[in-house]
Amino acid sequence: MTNIESVTAADLRRMQGLAQRVTATRPDLVNSDASFGELAWNWGKGHAGDGASWRRRLWSSGGDLVAWGWAHLPRQARRSDGTVKDITGAYLAYQVHPDHAGLVDEVIDWYDATAADIERTVLPCAADEFALQRWAAHGYETDPASLGDTGSWTQLNERDLTDVEQPVLPDGFRFRTAEEAGPEAAVQAHLDAWGPSTYTAESYEGVRQTAAYRGDLHILVEAPDGTMASSTIMWLDEVNKTAEFEPVGTHPDYRRRGLGRAMLLHGMHLARAAGATHMTVACLGAPGHPQARGLYYSVGFREFTRDAPLIKTKTAG
């Protein structure tokens, strides 16, 4: 059974359910935008502003969701500094359960029909050899923008939650939660770390409305002057006892003080107390993007899998 429409909160919960089932058996095949936490983050922050440009299709078998495609079509993105970015290509997030791998051809055909005559990109897992063969058969090639030292591909990092060292903050700094600090502080912390950004108070409200969000697992570091200098959200998958950091950011004026490292360690202790035994976090993997990777490696993460950015140009099909 299939159906096509925009992405709803009910869809999100089913898509997260598929992520949990794939994570339980083949975590190396969870696509970079299809993890339990990444789905909640992307849908929550974007559905109010970008939802009109989203299209999705779901494939079910025996009542279970076994594949989905989520196409992001061209749109204008208004950022916090007042600028507007024109997004002219299409991007596909997708996931196919490995027991139904052949459905990837249907996903590709649907994507090509939905985003016809514009540039199309997608990020399958590098470990998914069958899917990579099928994307190639449909005319998709390695995205040139992903090559070289400044490539745009991401890697997923993991570690277990045994022997997590104790966090140490500089004098005068303290840990807070979004529950304590409130929505305005949580939004400003994100904008300070990632600006210019499309993130708004409405975006954060969407994130808070996802079933996976917990304000006690949304961590901030408060500076002596009251600025929220660092922040991260942890997404707890209780089924697999794993948690995911997404996003992680620090105000430019407070970088290189050990705040991000302390926040990640503090977060891992909280995640373990909440029932997690395993932690993941994604980052850019190319050699020219060492900062985040070095931070995550410093607290015990190591690369687990990576994506393989593919593109199909307007003239290719």
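Keep in mind the model is a prediction, meaning the values are calculated, not measured.

Participant: Hey, could you run me through the overall build of the chain in this one?
Facilitator: In terms of regular secondary structure, the chain is built from 9 helices and 16 strands. Relative to the 2.2 N^0.38 estimate, which gives 20 Å for 317 residues, the radius of gyration of the chain is 19 Å and therefore close to what a compact globule would have. The dimensions of the chain, computed from C-alpha atoms along their principal axes, are 60 × 45 × 40 Å. Scored against the burial criterion, the 317 residues of the chain give a buried share of 52%. Pairs at least 24 apart in sequence give 72% of the contacts found in the chain among residues at least 6 apart. Per element, the accessible surface of the chain, about 14100 Å² overall, is 48% carbon and sulfur. Positive and negative charge centroids in the chain, built from 30 and 42 side chains respectively, lie 1 Å apart.

Participant: How should the packing of helix 3 (residues 104–114) against helix 4 (residues 129–137) be read in this particular structure?
Facilitator: Relative orientation and spacing of two packed helices are given, respectively, by the angle between their axes and the distance between those axes. At a closest axis distance of 10 Å, the pairing of helix 3 and helix 4 adopts a crossing angle of 40°. For the crossing formed where helix 3 meets helix 4, the hand is right-handed. Facing Val104, Asp105, Ile108 and Tyr111 of helix 3, the residues of helix 4 in contact are Phe130, Ala131, Arg134 and Trp135. Looking at the contact of helix 3 with helix 4, its residues break down into 6 nonpolar, no polar and 2 charged.

Participant: I keep staring at the pairing of strand 13 (residues 242–250) and nothing clicks. Help me out?
Facilitator: Two faces belong to every sheet, and in a regular strand the side chains alternate between them. The element strand 13 is extensively covered by neighbouring structure, given that 9 of its 9 residues are classed as buried. Summarising the sheet, strand 12 (residues 228–237) and strand 13 pair through 7 bridges and their orientation is antiparallel. Note that in strand 13 the partner of Thr232 across the bridge is Val248. Between the antiparallel neighbours strand 12 and strand 13 lie 4 residues, among them Lys241 with a positive phi of about 55°. Alignment of strand 13 against strand 14 (residues 278–284), held across 4 bridges, turns out to be parallel. Looking at the pairing, Glu244 lines up with Thr280 of strand 14. Running through helix 8 (residues 259–273), the crossover from strand 13 to the neighbouring parallel element strand 14 is right-handed.

Participant: Got a minute to help me understand the domain arrangement of the chain in this structure?
Facilitator: The extent of an interface is frequently quoted as the accessible surface area lost upon association of the parts. Looking at the assigned domains, one finds that the chain contains domain 1 (9–150 + 308–312) and domain 2 (159–306). Contact residues are listed per partner, giving 31 residues for domain 1 and 30 residues for domain 2. Summed over both sides, the interface of domain 1 with domain 2 buries roughly 2200 Å², with 64% coming from carbon and sulfur. The tally of links between domain 1 and domain 2 comes to 0 salt bridges. Connecting domain 1 to domain 2 are 10 residue pairs in polar contact (both at pLDDT 80 or more).

Participant: Looking at this structure, how should I read the side chain of His269?
Facilitator: When you line up the elements, His269 lands in helix 8. We classify His269 as buried; its relative accessible area is 18%. A distance of 3.2 Å separates a polar atom in the side chain of His269 from the backbone oxygen of Val164. Excluding its chain neighbours within four sequence positions, the residues that come into contact with His269 are Val164, Glu165, Gln166 and Pro167.

Participant: I'm lost on the nonpolar core in this one. Help?
Facilitator: Nonpolar side chains tend toward joint burial in soluble globular proteins. In this structure, Phe245, Met268, Met279 and Phe301 are the most contacted members of the largest nonpolar core, which totals 29 residues. When residues in this core are grouped by element, the largest group, 7 residues, is from helix 8. Residue contacts for Phe245: discarding those within four places in its chain leaves Thr232, Ile233, Met234, Leu264, Gly267, Met268, Met279, Thr280, Val281 and Phe301. The next biggest cluster of nonpolar side chains, apart from the first, holds 22 residues, and it includes Val96, Val107, Ala131 and Tyr140.

Participant: What exactly am I supposed to notice about the state of the cysteines here?
Facilitator: Defined simply, a disulfide is a covalent bond joining two cysteines at their sulfur atoms. Using the criterion set out here, one finds 0 disulfides in the structure. Summary of cysteine pairing: Cys125 is not part of a disulfide, and the nearest cysteine sulfur, belonging to Cys283, is at 15 Å. The class for Cys125 is buried, based on a relative accessible area of 2%.

Participant: Would you explain helix 2 (residues 36–50) in this entry?
Facilitator: Count 3.6 residues to each turn of an α-helix, and residues three or four apart come out pointing the same way. Taking 1.5 Å per residue, 15 residues should reach 21 Å; helix 2 reaches 20 Å between its end C-alpha atoms and fits that length. Along its length, helix 2 reaches its greatest deviation from straightness, about 30°, at Gly44. Regarding helix 2, the residues found buried are Phe36, Gly37, Glu38, Leu39, Ala40, Trp41, Asn42, Trp43, Gly44 and Gly46.

Participant: Honestly, the pattern of salt bridges in this entry has me stumped. Any pointers?
Facilitator: Close approach of charged atoms lets side chains of opposite charge pair. Using the criterion set out here, one finds 13 salt bridges in the structure. The partner of Arg134 in a salt bridge is Asp105, with the nearest N and O atoms 3.0 Å apart. Residue Arg134 is found in helix 4, and its partner Asp105 is found in helix 3; the two are separated by 29 residues along the sequence. For Arg134, a relative accessible area of 26% gives the class partly exposed. Look at the salt bridges and you will find they share partners, linking Arg174, Arg176, Glu180 and Glu222 into a network.

Reading guide: rules and limits
Residues numbered from 1 in each chain as written. Predicted model: local features only at pLDDT ≥ 70, side-chain atom pairs only at ≥ 80, totals over all residues. Heavy atoms only, no water. Helix = DSSP H or I, 4+ residues; strand = E, 2+ residues; numbered from the N terminus. Rg over C-alpha atoms; globule rule 2.2 N^0.38 Å. Buried < 20%, exposed > 50% of the residue type's maximum accessible area, 1.4 Å probe, protein only. Contact = heavy atoms within 4.5 Å. Areas by Shrake-Rupley, 256 points an atom, 1.4 Å probe, with all protein chains shown as cover. Lys, Arg positive; Asp, Glu negative; His and termini not counted. Charge placed at Lys NZ, Arg CZ, Asp CG, Glu CD. Axes fitted to C-alpha atoms, helices over the stretch in contact; angles between N-to-C directions. Left-handed = near helix turned anticlockwise from the far one by under 90°. Nonpolar A, V, L, I, M, F, W, Y, C, P; charged D, E, K, R; others polar. Pairing = 2+ DSSP bridges. Right-handed = clockwise from strand over helix to strand, strands pointing away. Domains from an automatic or database assignment. Buried area = accessible area lost by both parts, 1.4 Å probe. Salt bridge = Lys/Arg side-chain N within 4 Å of Asp/Glu carboxyl O. Polar contact = N/O pair within 3.5 Å; in protein donor to acceptor, adjacent residues only side chain to side chain. Core = buried A, V, L, I, M, F, W, Y, C linked by side-chain atoms within 4.5 Å. Disulfide = S-S within 2.5 Å. Expected span 1.5 Å × (residues − 1). Bend = angle between axes of the 7 residues up to and from the residue.

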